[in-house]
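For reference, the chains in residue letters:
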Amino acid sequence: MRLVIIGAGFAGMYAALSAARLRDIRGASLEELEIALIASDPRLVIRPRLYEPKPERLTAPLLEVLEAIDVVYVQGSAETVDTKSRTVEIATAKGAKKNLSYDRLVVATGSRLFRPNIPGLAEHGFSVDQLDDAMALDRHLHSLADRPAKNGRDTVVVAGGGFTGIEAATEMPARLRAILGKDARPRVIIVDRNSAIAPDMGEGPRPLIEEALRKLGVEGRFGVGVAELDKSGVTLSNSERIECGTAIWAAGMRAAPLTTQIPAERDNFGRLLVDRDLRVLSVPGVFATGDAARAACDDVGNYALMSCQHATRMGAFAGNNAAAELLGVPTMPYHQKAYVTCLDLGEAGALFTRGWDRKVEMVGDEAKKTKREINTVWIYPPRAERAAALASADPERVTDL
């Protein structure tokens, strides 16, 4: 029997770890249950940190971890999923095609930034969505030092006032001063169609976020959107023109396109609808997890968000349950009642909240210390030692905050 996992992000990594853990617990041989992970590169991109400088350092190798737990790494890009024949067509780096059959499939393909058809966005907009995007932005920011300090060179417009937009915007003043000199006077402007910053964070944290933005000198344009971008700036939907050297798009996410290969219902974000065991509804043999799945966290109406906090735990449950079906043992319904947020606010510190109602627990330097620990320790892969790696993937303990 073969369990195939598509994706090496947080959900895919933990699906592999958890499936291997259950195989080990049940004493199944590698011949009885083969676990294969498909990804174009055997590394975990630390996406929650891509707003930081030097993004090329923000990856962690996975090959040694996979080898330690006897998971087969299949290099390539999954292009087609045939759920009737239970096969995945893979394109290799050299352009060849090959098919891999499965008995159970875990779709852990993550998400992508939603880029609407706004004039000039594709040509002139940057992002911190994928590693290549963040590296392109970093190169661009460094190139500003070769340009004269006029015509908005030191101005950054960030489209999107949610989690990603805030973290990118609040990091910009320090990044630009490091590149342009300590006497530089960066101007950062957040643009969002909502009437206030951080629409999903609620009324409790918002005043603290607004205070941090004032401290950093970050401006806001709310109730308007970006209508057009060009090489020298952006035009807003209210016709305001902002000359800027850098425009960053951080408005909205969608599930990766491979989810459309699965003949099942999806939500407005492209996520596959799943049951409490993370099985894709009406498609036998297929599980979805992480940003590819719309999953209930509890019995009171809360659903997993597109975040690594949810993806890691969902991945552990999906991998366990896919393996459990093949090994003939009970599955474990996914649940995640604990929920925290830790929002980086650049030189203004950070903000830590707990619960779906976003109760503030820490702010400033204290929260910043926690944010650094989360970003540099908690979300990284386990060490490539079999017992430790398998122990890290107990679904009931993963991301149990």
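Basis of the calculations
Residues numbered from 1 in each chain as written. Predicted model: local features only at pLDDT ≥ 70, side-chain atom pairs only at ≥ 80, totals over all residues. Heavy atoms only, no water. Helix = DSSP H or I, 4+ residues; strand = E, 2+ residues; numbered from the N terminus. Patch = residues over 30% accessible without salt bridge, like charges linked within 9 Å, V, L, I, M, F, W, Y side chains within 5 Å. Areas by Shrake-Rupley, 256 points an atom, 1.4 Å probe, with all protein chains shown as cover. Salt bridge = Lys/Arg side-chain N within 4 Å of Asp/Glu carboxyl O. Buried < 20%, exposed > 50% of the residue type's maximum accessible area, 1.4 Å probe, protein only. Arc of directions from axis to C-beta. Contact = heavy atoms within 4.5 Å. Pairing = 2+ DSSP bridges. Axes fitted to C-alpha atoms, helices over the stretch in contact; angles between N-to-C directions.

## Comments concerning the environment of Ala 178
Within the fold, Ala 178 resides in helix H5 (residues 163-180). Residues Ala 178 and Val 88 lie 90 residues apart in sequence; the distance between their C-alpha atoms is 46 Å.

## Re a nonpolar patch on the surface
Taken together, the side chains of Leu 208, Val 360 and Val 363 make up a nonpolar region of the molecular surface, amounting to roughly 180 Å² of accessible area. Tracing the backbone through its elements, the reader meets Leu 208 in helix H6 (residues 206-216).

## Notes on H6
Within the sequence span of H6, burial applies to Arg 206, Ile 209, Ala 212, Leu 213 and Leu 216. End-on, the buried residues of H6 take up no more than an arc of 125 degrees, which puts them together on one face. When the buried face of H6 is taken as reference, the exposed residues oriented beyond 90 degrees from it are Arg 214 and Lys 215. The inward-facing, buried residues of H6 contact H5, strand S12 (187-192), strand S22 (340-344) and strand S23 (350-354).

## Considerations on the pattern of salt bridges
In the structure shown here, the tally under the stated rule is 29 salt bridges. Asp 394 is the salt-bridge partner of Arg 21, the closest N and O atoms lying 3.8 Å from each other. Of this pair, Arg 21 sits in helix H1 (residues 10-26) while Asp 394 sits in the segment after helix H9 (386-391), placing them 373 residues apart in sequence. Asp 394 matches Arg 21 in its accessibility class, with the two residues each being buried. In this structure, Arg 57 engages Glu 52 in a salt bridge whose closest nitrogen and oxygen atoms are separated by 3.3 Å. Looking at Glu 52, the relative accessible area reads 11%, which means it is buried. One continuous salt-bridge network, built from bridges that share partners, spans Arg 104, Asp 275, Asp 277, Arg 279 and Glu 325.

## Some details on the pairing of strand S6 (residues 77-82)
Pairing of S6 with strand S7 (residues 87-91), which is carried by five bridges, proceeds in the antiparallel orientation. Pairing of Thr 80 across the sheet is with Glu 89, part of S7. Between S6 and the antiparallel strand that follows it, S7, lie four residues; Arg 86 among them carries a positive phi value of about 55 degrees.

## As for the sheet that holds strand S9 (residues 104-107)
The five strands lie next to each other as S5-S2-S1-S9-S20, forming an open sheet whose pairing is parallel. Unpaired on one side and paired on the other, strand S5 (72-75) and strand S20 (286-288) mark the two borders of the sheet. When the angles between neighbouring strand axes are averaged without regard to direction, this sheet yields 20 degrees. Relative to strand S2 (residues 34-39), strand S1 (residues 2-6) is paired through five bridges, and the arrangement is parallel. In the strand pairing of S2, Val 4 is matched with Ala 36. Contacts from H1 reach S1, S2 and S9, with the element oriented near 170 degrees to S2.

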